[in-house]
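Now for the letters of each chain:
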Amino acid sequence: MTTTKTDERALAELQREHGPALFHFLLGLTFGDRQRAEDLLQETLVRAWQHPEAFDGPYESMRPWLFTVARRLAIDARRSRLARPAEVGDAGLECAPAGADTAESAVAALDVREAVRALSPEHRSVLVQIYFRGLSVGETAEVLGIPAGTVKSRSHYALRLLSRNLPGYTRRPSQQRTVVGASCL
């Protein structure tokens, strides 16, 4: 590594002469991201400062050297960003679901288990098949050996009993099901 650095006046002249064109070039490489383009421009000028031998090159202008360095820095920065997880902006955070309160969900699970245990075996077996095992009404009827209408009736009355036994968990009519973060879709 060289210990000498480029003269500050030469670097300032380099920035004045080639900075705007180099910035617009980098703006295109960063898809219009001004912040990244400015960072890459600054890094390119730092490289020019660290390599005074580039000023003594066989070419008439420093522009080809600067553009080559800037392009390589942009490629390296893109590869670096692609190698790590994507950054999340503020809009992404607004759409992210809130962290679950495990203590509250554990208490709710205990309450639901207790309320389900309080149901008659007939009602409980229908709910277990439909809601816990994910079977359809027809599949539940087949598994339990009862008509589909009976499955519907038992599940209706079982849910009514659960809503009475779990008063803190019932939905009021004004509360409609909404998708969390629906505006983020």
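Residues numbered from 1 in each chain as written. Predicted model: local features only at pLDDT ≥ 70, side-chain atom pairs only at ≥ 80, totals over all residues. Heavy atoms only, no water.

> I would appreciate a short explanation of the packing of helix H1 (residues 8–29) against helix H3 (residues 63–83) in the present structure.
A packed helix pair is summarised by two numbers, namely the angle formed by the two axes and the spacing between the axes. Between H1 and H3, the shortest axis-to-axis distance is 10 Å and the interhelical angle comes to 35°. As for the relative orientation of H1 and H3, their crossing is right-handed in sense. On the side of H1, the interface is formed by Leu14, Glu17, His18, Ala21, Leu22, Phe25, Leu26 and Leu29, while H3 contributes Arg63, Leu66, Phe67, Ala70, Arg71 and Ala74. Residues that form the contact of H1 with H3 fall into these classes: 10 nonpolar, 1 polar and 3 charged. (Axes fitted to C-alpha atoms, helices over the stretch in contact; angles between N-to-C directions. Helix = DSSP H or I, 4+ residues; strand = E, 2+ residues; numbered from the N terminus. Left-handed = near helix turned anticlockwise from the far one by under 90°. Contact = heavy atoms within 4.5 Å. Nonpolar A, V, L, I, M, F, W, Y, C, P; charged D, E, K, R; others polar.)

> Is there a simple way to explain the pattern of salt bridges in this structure?
Proximity of charged atoms lets side chains of opposite charge pair with each other. Overall, the coordinates contain 3 salt bridges when judged by the stated rule. Across the salt bridge formed by Asp33 and Arg36, the nearest N and O atoms sit 3.4 Å from each other. On the basis of relative accessibility, which here comes to 25%, the residue Asp33 falls in the partly exposed class. Judged by relative accessible area, Arg36 falls into the partly exposed class, the value being 28%. (Salt bridge = Lys/Arg side-chain N within 4 Å of Asp/Glu carboxyl O. Buried < 20%, exposed > 50% of the residue type's maximum accessible area, 1.4 Å probe, protein only.)

> How do you make sense of the packing of aromatic side chains when you look at a structure like this?
Here a ring pair, both rings aromatic, is described through the centre-centre distance and the interplanar angle of the planes. Applying the stated rule across the entire model yields 1 aromatic pair. On the basis of an interplanar angle of 40° and a centroid distance of 4.7 Å, the ring pair of Phe25 and Phe67 is categorised as tilted. Linking Phe25 in helix H1 with Phe67 in helix H3, this pair joins segments that are 42 residues apart in sequence. (Phe/Tyr/Trp six-rings, centres within 6.5 Å; stacked < 30°, edge-to-face > 60°.)

> What am I meant to see in a nonpolar patch on the surface here?
On the surface, Val112, Tyr131, Phe132 and Leu159 cluster together into a nonpolar patch covering about 400 Å² of accessible area. Among the secondary structure elements, Phe132 is positioned in helix H6 (residues 121–132). With a relative accessible area of 56%, Phe132 lands in the exposed category. (Patch = residues over 30% accessible without salt bridge, like charges linked within 9 Å, V, L, I, M, F, W, Y side chains within 5 Å. Areas by Shrake-Rupley, 256 points an atom, 1.4 Å probe, with all protein chains shown as cover.)

> Would you mind going over H3 with me for this structure?
Along an α-helix, residues three or four apart share an orientation, since each turn contains 3.6 residues. With 21 residues, H3 extends 30 Å from end C-alpha to end C-alpha; this agrees with the ideal 30 Å at 1.5 Å per step. Restricting attention to buried positions, one finds in H3 the residues Trp65, Leu66, Phe67, Val69, Ala70, Leu73 and Ala74. Buried positions along H3 lie against H1 and helix H2 (34–50). (Expected span 1.5 Å × (residues − 1).)

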